[in-house]
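Observations on chain architecture
What follows is each chain in one-letter form.
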There are 2 protein chains.
Amino acid sequence: MGLEHLLADIVGQAHVLTDPGLTASYETDWTGRFGGRARAVVRPADAAQVAAVLRACAQAGVPLVPQGGNTGLVGGGVPRGGEIVLSTVRIAQLAEVDAALGVVAVGAGATLAALQAAAARVGEDATLDFAARDSCTVGGVVACDAGGARALRHGTARAHVAGLEAVLADGTVLSRMSGLTKDNAGYDLPALLIGSEGTLAVITRVLWRVSRRLPARVTALIPLASVAEAGRVLEALRAHAPSLEACEFFVRDGLEIVLAHQRRRSPVGDAAVYLLAECAAAADPTGELAEALDAAGVRDAVVADDTIGREGLWALREGHTEAINAIGIPHKLDVGVPLARLGDFLERLPQVVGAAAVTGEARVIPFGHLGDGNVHVNVLGPGPQDDRVDDAVLELVVGLGGTISAEHGVGVAKAAWLERARGADELAAMRAVKGALDPAGQLNPGVVLPL
Amino acid sequence: MGLEHLLADIVGQAHVLTDPGLTASYETDWTGRFGGRARAVVRPADAAQVAAVLRACAQAGVPLVPQGGNTGLVGGGVPRGGEIVLSTVRIAQLAEVDAALGVVAVGAGATLAALQAAAARVGEDATLDFAARDSCTVGGVVACDAGGARALRHGTARAHVAGLEAVLADGTVLSRMSGLTKDNAGYDLPALLIGSEGTLAVITRVLWRVSRRLPARVTALIPLASVAEAGRVLEALRAHAPSLEACEFFVRDGLEIVLAHQRRRSPVGDAAVYLLAECAAAADPTGELAEALDAAGVRDAVVADDTIGREGLWALREGHTEAINAIGIPHKLDVGVPLARLGDFLERLPQVVGAAAVTGEARVIPFGHLGDGNVHVNVLGPGPQDDRVDDAVLELVVGLGGTISAEHGVGVAKAAWLERARGADELAAMRAVKGALDPAGQLNPGVVLPL
């Protein structure tokens, strides 16, 4: 029996897609940079079906690419050519929030927005958030250890995982869903799976840690003359505002692109750098925020404490990805640099990129999470194949003691860079772990570890 | 050249101990249940020396047991016979606390108390604590993913690790000490090492996450008629006291043993179960605590908000281990049971143990962390070799969906139980990971995974 028939026996004929019209949306990432033809798209309903699909693919020697909401930016969730795509779209059950334990069991295919809404309905907060919330899935969030703006206070996905269910390449189902805070019986394999980008297992369910919702929020957009000044404001925020939850930044050129795309006028004066800070607390944190801005000598800022006003300010930061994509296919790098070196990094960036670009004039648009040193470097101009631009940025990052992947993952986009970032010995250890859990290399080949 | 000479060349002659008078304290655990002769004890000064020691041992085919403060309770840090013991005692450097990032770099051999003191000196809090604080080391704390009473609020060791340096069996040094919140470049090998009990790597340094110290603390000791009543008080505490930081329990028999050992009188009335709760906040949490106790209908409680009074109450809880050990060698089990099943567990425990004991009359003394379902089951009476007692308790735990090891680790004591707890498939996955990172089985053989 052919693989497609075996798969149909497992998940039902309706959930094995082979028609190009139906598979197309699973085969290319939304930036248009990555993708390939899938042999088929299969949509299992639970861990048992995932295990059976994995066993069937192993038997047939056909590799498999796990896919959540297909919002990834590094080509880690789309086929390269000929793989089975395993979509978690049907594994989207959301249990009731267990308020006593502060957790909620959620299927890997549920969107982050659905999880957030389920928590909010009972006065709780999923505390992780980023712009792709309506499409990205909880499984993908955990597989990539996503972060977002609020990781500054609440940590990345890792800090939210109180339990995990996942299926290894050989069909072994790991289930750690008891919610016990303390459970040291053997190796913490779930901890290893977080951030492994579907190369070691398919995540099927997550026990997500929630917190009591903090109802009072205030947001400020602050125009500043330099990154160094932004650093000083961040320091003041840390010192005076324990309620600080996010501290984002973008630059003049990025803001102009966003304003043009959104057909809006700027709510603040012209500046080289913009800092977007948000405080959240049980009671109004406006005083804390004002005190911090005062201590930092900030005189010019737009402050919003109502939902519409706050969302308007956030749209300027979150609109960057879409607005930039609307005017070209950017080189996208997601790097982390220790705070002490961030100013140095941003200052040298345009020159380093300019020198490296072979095709087209480079337009460098950095933005991101000032509070944790995570910068999204977008470069417009050089053609998509002009890899020297990416190399130059990553070289600069490694030289400053930073990371080549902060929250987007390695995918296929940066796999070739992993050895330079971690060293040959550590890469060998990673390969050994991969070989132990997926000896035939069935799961997401080419992602994270270079082929 | 013999192995001892090679080791002396690496760490210096003074740090290779072979004299039985010098090695004795490294060879037996303090409960007296576990131990064996070491071929030698070696005390390297840093990761480079640890790597060289590991390579020399691999070359000679001699296995190695990493040891911190030797406060373990499951035989995971002492030799079984003929191994080299690698003591981290000299890797005890404490860097200055980086208040901006909220982290401090600490050597694996520093004691937990030294780390706590370093944090306290600058107004920060290491937020993890348990009774062995003066002897146990940070490396051991992380290797066993220790928890303690305050894990209820702050999580186990895992939640405190912002970075790690460790040496794999082949001498590869993993160093993730940048402190970047977001760093997804490849597999999170440090996350796998946490809780692996020295079987996958030797942890040499930790970047420990600290929090602002909460200066206002209040502690209450509450006598109650049953575990069910204790559960209701816990629920009220969770609902009314966000400042709740610990919720411990012990029973009448345990309290009597502690009082006799400490030559004290009980500060409260006689009861079947005692609950010890502590709240901590920036401002006085007495009101929150009182409100919770009121809501739970508690009329009888001793409350202390001064250091001496609080320490007096805590000594009753923390004194259990020492007091019990002073009257016999107990069977010690460290299990976790979901809160909803905890009453059931404690009710059935004496009968299950009584039926299983072959030698001696069983005296069951449970105590521990009510808030996270972590129970330390101590059994006096049955001889040390009477394994049926341990089996009966663990069988009961697994049947209730609990864990056979909550915070002490698996060690050699529970290795034979791991398959029953996790299943053959998951155990096979753990063995594959061990084989990948330590193919010759050099590191702590017999610990976690049964030989």
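Residues numbered from 1 in each chain as written. Chains lettered and ligands numbered in written order. Predicted model: local features only at pLDDT ≥ 70, side-chain atom pairs only at ≥ 80, totals over all residues. Heavy atoms only, no water.

Looking only at helices and strands, chain A features 16 helices and 17 strands. Whereas a compact globule of 451 residues would reach a radius of gyration of roughly 22 Å, chain A reaches 22 Å, a difference of no more than 12%. Dimensions of chain A along its principal axes, counting C-alpha atoms only, are 70 × 55 × 45 Å. Expressed as a percentage of the 451 residues in chain A, the buried residues total 59%. (Helix = DSSP H or I, 4+ residues; strand = E, 2+ residues; numbered from the N terminus. Rg over C-alpha atoms; globule rule 2.2 N^0.38 Å. Buried < 20%, exposed > 50% of the residue type's maximum accessible area, 1.4 Å probe, protein only.)

To continue, consider the relation of the copies chain B and chain A. Put simply, the second copy of the chain is the first one after a rotation about an axis and a shift along it. Here chain B sits on chain A after a turn of 180° about the axis and a move of 0.0 Å along it, with an RMSD of 0.0 Å. On this basis, the relationship between the two copies can be described by a two-fold rotation axis. Counting the interface residues of chain B, we find that 98% of their copies in chain A are interface residues as well, pointing to one common contact surface. (Least-squares fit on C-alpha atoms with pLDDT ≥ 70 in both. Contact = heavy atoms within 4.5 Å.)

Taken together, the contacts link 62 residues of chain B with 61 residues of chain A. Interface area for chain B against chain A, summed over the two sides, is near 4600 Å², with a carbon-plus-sulfur share of 60%. Of all residues in chain B, Lys182, Asn184 and Tyr187 of chain B bury the most surface against chain A, accounting for 22% of the area lost on that side. Our enumeration of links across chain B and chain A arrives at 10 salt bridges. Put simply, glutamate 407 of chain A and lysine 182 of chain B hold a salt bridge, and the shortest N to O gap is 3.1 Å. Summed over the shared surface of chain B and chain A, the result is 30 residue pairs in polar contact (both at pLDDT 80 or more). Listing elements by their share of the side of chain B that touches chain A, those giving two or more residues are β8 (173–176), α8 (189–193), α16 (418–422) and α17 (424–437) of chain B. Sort the elements by how many residues they give to the side of chain B that touches chain A and α17 of chain B lands first, with 9 residues. (Buried area = accessible area lost by both parts, 1.4 Å probe. Salt bridge = Lys/Arg side-chain N within 4 Å of Asp/Glu carboxyl O. Polar contact = N/O pair within 3.5 Å; in protein donor to acceptor, adjacent residues only side chain to side chain.)

Attention now goes to the sheet that holds strand β2 (residues 40–42) of chain A. In spatial order, the strands read β1-β2-β4-β3 (chain A); together these 4 strands make up an open sheet with mixed pairing. With one partner strand each, in any of the chains shown, β1 (16–17) and β3 (64–67) of chain A form the two edges of the open sheet. (Pairing = 2+ DSSP bridges.)

Turning our eyes to something else, we now look at helix α1 (residues 3–11) of chain A. Since there are 3.6 residues in each turn of an α-helix, residues three or four apart along the chain are aligned in direction. Residue and element names in this part refer to chain A. Turning to α1, its buried residues number three or more, namely Leu3, Leu7, Ala8 and Val11. Mapping the buried residues of α1 onto a view down its axis gives an arc of 135°, with all of them on the same face. Turned more than 90 degrees off the buried face of α1, the exposed positions are His5 and Asp9. Packed against the buried residues of α1 are β1, β2, α3 (47–60) and β4 (84–87). Glycine 12 sits one or two residues past α1 and shows a positive phi near 95°. (Arc of directions from axis to C-beta.)

With that out of the way, let us pick up the sheet that holds strand β7 (residues 161–168) of chain B. Residue and element names in this part refer to chain B. Spatially, 4 strands are ordered β5-β9-β7-β8 in an open sheet, and the strand pairing comes out antiparallel. Two strands lie at the open edges of the sheet, namely β5 (103–107) and β8, each paired on one side alone. Mean inter-strand twist for the sheet, computed between neighbouring axes without regard to direction, equals 15°. Summarising the sheet, β7 and strand β9 (residues 201–209) pair through 7 bridges and their orientation is antiparallel. In the strand pairing of β9, leucine 164 is matched with valine 206. (Axes fitted to C-alpha atoms, helices over the stretch in contact; angles between N-to-C directions.)

All names here are of chain A. In total, this model carries 2 aromatic pairs over all chains according to the counting rule given. Here the aromatic rings of phenylalanine 250 and tyrosine 274 are separated by 5.5 Å at their centres, their planes lie at 20°, and the arrangement is stacked. One end of the pair, phenylalanine 250, is in strand β12 (residues 244–251); the other, tyrosine 274, is in strand β13 (residues 273–281), and 24 residues separate them in sequence. (Phe/Tyr/Trp six-rings, centres within 6.5 Å; stacked < 30°, edge-to-face > 60°.)

Okay, the nonpolar core next. Grouped together as the largest cluster of nonpolar side chains are 176 residues, with contacts concentrated most on Trp208 and Phe345 of chain A together with Trp208 and Phe345 of chain B. Setting aside anything within four residues of it in sequence, one finds phenylalanine 345 of chain A in contact with Val335, Val337, Val375, Val377, Val393, Leu396, Val397 and Leu400 of chain A. (Core = buried A, V, L, I, M, F, W, Y, C linked by side-chain atoms within 4.5 Å.)

Residue and element names in this part refer to chain A. Taken as a whole and assessed by the stated rule, the structure comprises 53 salt bridges over all chains. With its nearest N and O atoms 2.8 Å apart, the salt bridge here joins glutamate 318 to arginine 133. Taken together, the residues span a long stretch of sequence, with glutamate 318 in helix α11 (residues 307–318) and arginine 133 in the loop between β6 (124–125) and α5 (138–143) at a distance of 185 residues. Linking arginine 150 and glutamate 245 is a salt bridge whose minimum nitrogen-to-oxygen distance equals 2.5 Å. With arginine 150 in the loop between α5 and α6 (151–154) and glutamate 245 in strand β12, this residue pair connects regions lying 95 residues apart in the sequence. Like arginine 150, the residue glutamate 245 is buried in the burial classification. If you follow the salt bridges from partner to partner, you end up with Asp125, Arg150, Arg153, Arg217, Glu245, Glu278 and Arg310 in one network.

For the coordinates displayed, the defined rule picks out 0 disulfides over all chains. Between cysteine 247 of chain A, a free cysteine, and cysteine 279 of chain A, which holds the nearest cysteine sulfur, the sulfur-to-sulfur gap is 9.3 Å. (Disulfide = S-S within 2.5 Å.)

Counted residue by residue, strand β15 (residues 331–336) of chain A has 6 buried out of 6 residues, so it is predominantly covered. Burial along β15 of chain A is two-sided: His331, Leu333 and Val335 of chain A and Lys332, Asp334 and Gly336 of chain A, pointing in opposite directions, are all buried.

Residues and elements named next belong to chain A. Here α1 crosses α3 at 170°, and the two axes come no closer than 10 Å. Between α1 and α3, the interaxial angle falls into the category roughly antiparallel. The residues of α3 that touch α1, namely those facing Leu3, Leu7, Ile10 and Val11, are Gln49, Ala52, Val53, Ala56, Cys57 and Ala60. Its residues assigned to classes, the contact of α1 with α3 shows 9 nonpolar, 1 polar and no charged. (Parallel < 35°, antiparallel > 145°, perpendicular 65-115°, else oblique. Nonpolar A, V, L, I, M, F, W, Y, C, P; charged D, E, K, R; others polar.)

Moving on to unusual backbone geometry. One non-glycine residue with positive phi stands out, namely asparagine 70 of chain A, at about 50°. Position of asparagine 70 of chain A among the secondary structure elements: in the loop between β3 and β4. Its relative accessible area of 15% is what places asparagine 70 of chain A among the buried residues. Phi at asparagine 444 of chain B takes a positive value of approximately 50°, unusual for a residue other than glycine. If you trace the backbone, asparagine 444 of chain B turns up in the segment after α17.

We now examine the pairing of strand β17 (residues 374–380) of chain A. Residues and elements named next belong to chain A. Counting buried residues along β17, 7 of its 7 residues qualify, which places the element largely inside the surrounding structure. The alternating pattern of β17 places Asn374, His376, Asn378 and Leu380 on one face and Val375, Val377 and Val379 on the opposite face, and all of these are buried. Linking strand β16 (residues 363–369) to β17, which pair antiparallel, is a turn of 4 residues; within it glycine 373 sits at a positive phi near 75°.

Attention now moves to the side chain of histidine 160 of chain B. Residue and element names in this part refer to chain B. In this fold, histidine 160 is placed in helix α7 (residues 157–160). A residue is classified by how much of its surface remains accessible, and histidine 160, at 2% relative accessible area, is buried. Among the polar contacts listed, one links the side chain of histidine 160 to the side chain of threonine 127, at a separation of 2.7 Å. One polar contact links the side chain of histidine 160 to the main-chain carbonyl oxygen of threonine 156, over a distance of 2.9 Å.

A few words now on the side chain of serine 87 of chain B. Residues and elements named next belong to chain B. Mapped onto the fold, serine 87 is located in strand β4 (residues 83–87). In this structure the side chain of serine 87 is engaged in a polar contact, spanning 3.2 Å, whose partner is the backbone nitrogen of valine 89. Once residues within four sequence positions are removed from consideration, serine 87 is found in contact with Tyr26, Val41, Val42, Arg43, Pro44 and Gln67.

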